Amino acid sequence: MAKLRGGLIQMALKADTAESPARIREAMLAAHRPLIEQAGERGVQVLCFQEVFTQPYFCPSQDVKWYAAAESIPGPTTEEMQAYAKKYGMVIVVPIYEADPVAGVYYNTAAVIDADGSYLGKYRKTHIPQVAGFWEKFFFKPGASDWPVFKTRYCKLGVYICYDRHFPEGWRALALNGAEYIVNPSATVAGLSEYLWKLEQPASAAANGCWIGAINRVGREKPWDIGEFYGQSYFVNPRGQIEAIASRDKDELLVHEMDMDMVAEIRNRWQFFRDRRSELYSRLTALD
């Protein structure tokens with residue numbers, strides 16, 4: 001059987017939000033480095049961090065201070081991760097706040113680095129919420145990445161970010177583009193959509209015959225304190241079964257070995273892609 005060893009890192013904020021984004025970035029990177037090293041030593045082949053992993057989830061505010069948290073891709077953080085990827089022969093998905101070359105344009109992005117340290121490309125979050133406590137349109141321009149699937153050394157990898165997970169069309173587009181494993185770095189709190197956390201990704205994995213790695217941060221972030229980031233990062237198989245799950249409240253590297261033969265097995269069994277009626281779906285792209 002073809003095995004893929006995945007790793008997911010969930011983490012609480014390691015600095016006061018009153019500090020500068022540069023100081024917070026360094027504190028978060030310092031906290032991640034030992035777990036990245038541990039992932040490499042444990043033979044992780046594809047590693048992913050939580051949404052905007054070097055910063056707090058700053059979207060409860062509408063403070064222009066946080067524009068300074070954005071950085072270029074490639075840039076300092078992705079370049080550091082390229083060195084780790086090369087050192088350990090490990091694919092790394094790096095979700096950060098991206099500053100576009102056009103001044104004043106920012107994206108919620110994940111860079112993908114292959115196991116030889118080469119930069120493969122990026123996915124920009126497609127669906128941007130604008131609801132109480134999640135004022136993301138103030139900070140992020142919607143991406144239009146055209147559902148890229150990255151042919152890494154170990155698998156065909158897709159990325160979908162946080163709020164994207166509520167939209168089934170993107171999961172399907174990634175799967176149709178060949179994704180076998182899709183990661184969903186997130187920042188989600190109890191009391192809003194926790195009841196969906198163990199429902200949507202398993203349903204999407206089953207509907208598309210793929211593995212999904214779901215990542216959430218942990219703890220509370222002041223001064224906003226919009227709720228508890230409840231962790232519970234997990235791996236779900238193409239049958240929609242959660243096979244491994246992290247704690248609710250601890251910094252953690254979750255490592256799991258995925259049976260990639262299940263992708264073809266489940267797709268052959270259910271034949272959802274064969275039985276699609278795409279010629280009847282024009283209503284799905286209507287604007288009214």
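The following paragraphs examine the structure supplied in this document. Just so it is clear, the structure is predicted and the values come from calculations on it, not from any experiment.

Calculation notes
Residues numbered from 1 in each chain as written. Predicted model: local features only at pLDDT ≥ 70, side-chain atom pairs only at ≥ 80, totals over all residues. Heavy atoms only, no water. Helix = DSSP H or I, 4+ residues; strand = E, 2+ residues; numbered from the N terminus. Rg over C-alpha atoms; globule rule 2.2 N^0.38 Å. Contact = heavy atoms within 4.5 Å. Areas by Shrake-Rupley, 256 points an atom, 1.4 Å probe, with all protein chains shown as cover. Lys, Arg positive; Asp, Glu negative; His and termini not counted. Charge placed at Lys NZ, Arg CZ, Asp CG, Glu CD. Pairing = 2+ DSSP bridges. Axes fitted to C-alpha atoms, helices over the stretch in contact; angles between N-to-C directions. Core = buried A, V, L, I, M, F, W, Y, C linked by side-chain atoms within 4.5 Å. Buried < 20%, exposed > 50% of the residue type's maximum accessible area, 1.4 Å probe, protein only. Salt bridge = Lys/Arg side-chain N within 4 Å of Asp/Glu carboxyl O. Phe/Tyr/Trp six-rings, centres within 6.5 Å; stacked < 30°, edge-to-face > 60°. Lys NZ or Arg CZ within 6 Å of the ring centre and 35° of its normal.

1. Some remarks on the overall build of the protein chain
Move 1: Helices and strands together make up the secondary structure of the protein chain, namely 6 helices and 16 strands.
Move 2: Against the compact-globule benchmark of 19 Å for 288 residues, the protein chain has a radius of gyration of 18 Å, which places it among compact chains.
Move 3: Long-range pairs, those at least 24 residues apart, make up 69% of the contacts in the protein chain with a sequence separation of at least 6.
Move 4: In the structure as shown, the protein chain presents an accessible area of about 11900 Å², 53% of it carried by carbon and sulfur atoms.
Move 5: Averaging the coordinates of the 33 positive side-chain charges in the protein chain and doing the same for the 35 negative ones gives two points 3 Å apart.

2. Examining the sheet that holds strand β1 (residues 3-10)
Adjacent strands of a sheet pair through backbone hydrogen bonds, lying either parallel or antiparallel.
Move 1: Taken in spatial order, the 6 strands of this open sheet run β5-β4-β3-β2-β1-β16, and their pairing is mixed. With one partner strand each, in any of the chains shown, β5 (119-124) and β16 (252-259) form the two edges of the open sheet. With strand direction ignored, the average angle separating the axes of adjacent strands in the sheet is 25 degrees.
Move 2: Relative to β16, β1 runs antiparallel, the two being bridged by 8 bridges. Looking across to β16, one finds that I9 is bridged to L253.
Move 3: Along the sheet face, helix α1 (residues 21-41) touches β1, β2 (46-48) and β16 and points at about 25 degrees away from the line of β16.
Move 4: On the sheet, helix α2 (residues 76-88) packs against β3 (91-99), β4 (106-113) and β5 and is oriented at approximately 175 degrees with respect to β3.

3. Focus: the sheet that holds strand β8 (residues 149-151)
Move 1: In space, the 6 strands of this open sheet follow the order β8-β9-β10-β11-β14-β15, with mixed pairing throughout. Only two strands of the sheet have a single partner each, and these edge strands are β8 and β15 (242-245). Taken over all neighbouring pairs, the strand axes of this sheet differ in orientation by 20 degrees on average, direction set aside.
Move 2: Its contacts with the sheet place helix α5 (residues 200-208) against β10 (181-185), β11 (211-215), β14 (234-236) and β15, and it is angled at close to 30 degrees to β14.

4. Let's talk about the nonpolar core
Side chains that are nonpolar tend, in soluble globular proteins, to be buried together.
Move 1: Of all hydrophobic cores here, the largest spans 44 residues; its most connected members are L47, F49, F58, M81, V94 and Y97.
Move 2: Looking at this core, the element that brings in the most residues is α1, giving 7 residues.
Move 3: When sequence neighbours within four positions are dropped, the list of residues in contact with F49 reads I9, H32, I36, M81, I92, V93, V94, P95, P185 and I215.
Move 4: One finds V183, W197, F235 and V263 within the second-largest nonpolar core, a separate group that totals 41 residues.

5. A word on the pattern of salt bridges
Move 1: The final tally for this structure, using the stated rule, is 23 salt bridges.
Move 2: For E26, the salt bridge is made with R33, and the minimal N-O distance between the two is 2.9 Å.
Move 3: Note on E26: relative accessible area 37%, which makes it partly exposed.
Move 4: Given the relative accessible area of 22%, R33 is considered partly exposed.

6. Side note on the packing of aromatic side chains
Move 1: Under the criterion given, the structure shown has 23 aromatic pairs.
Move 2: Ring plane angle 50 degrees and centroid distance 6.4 Å describe the contact between F139 and F140, whose orientation is recorded as tilted. Each member of the pair, F139 as well as F140, is classed as buried.
Move 3: Aromatic rings pair up to connect F58, W66, Y67, Y97, Y106, F138, F139, F140 and W224 into one cluster.
Move 4: Directly above the aromatic system of Y107 lies the positively charged group of R124, at a separation of 3.7 Å from the ring centroid.

7. Re α5
Move 1: By the burial criterion, the buried members of α5 are E200, Q201, P202, S204, A205 and N208.
Move 2: Backbone geometry just downstream of α5 places G209 in the positive-phi region, at approximately 60 degrees.

8. Focus on the pairing of β11
Move 1: Counted residue by residue, β11 has 5 buried out of 5 residues, so it is predominantly covered.
Move 2: Burial of the side chains of β11 extends over both faces: W211, G213 and I215 are buried on one face and I212 and A214 on the other.
Move 3: In the sheet, β10 pairs with β11 via 5 bridges, with the strands oriented parallel. Note on β11: the bridge partner recorded for I182 is I212.
Move 4: Looking at chain direction, β11 and β14 are connected through 3 bridges and run antiparallel. What sits directly across from G213, in β14, is F235.

Without other data, these values stay purely geometric and don't point to any function.
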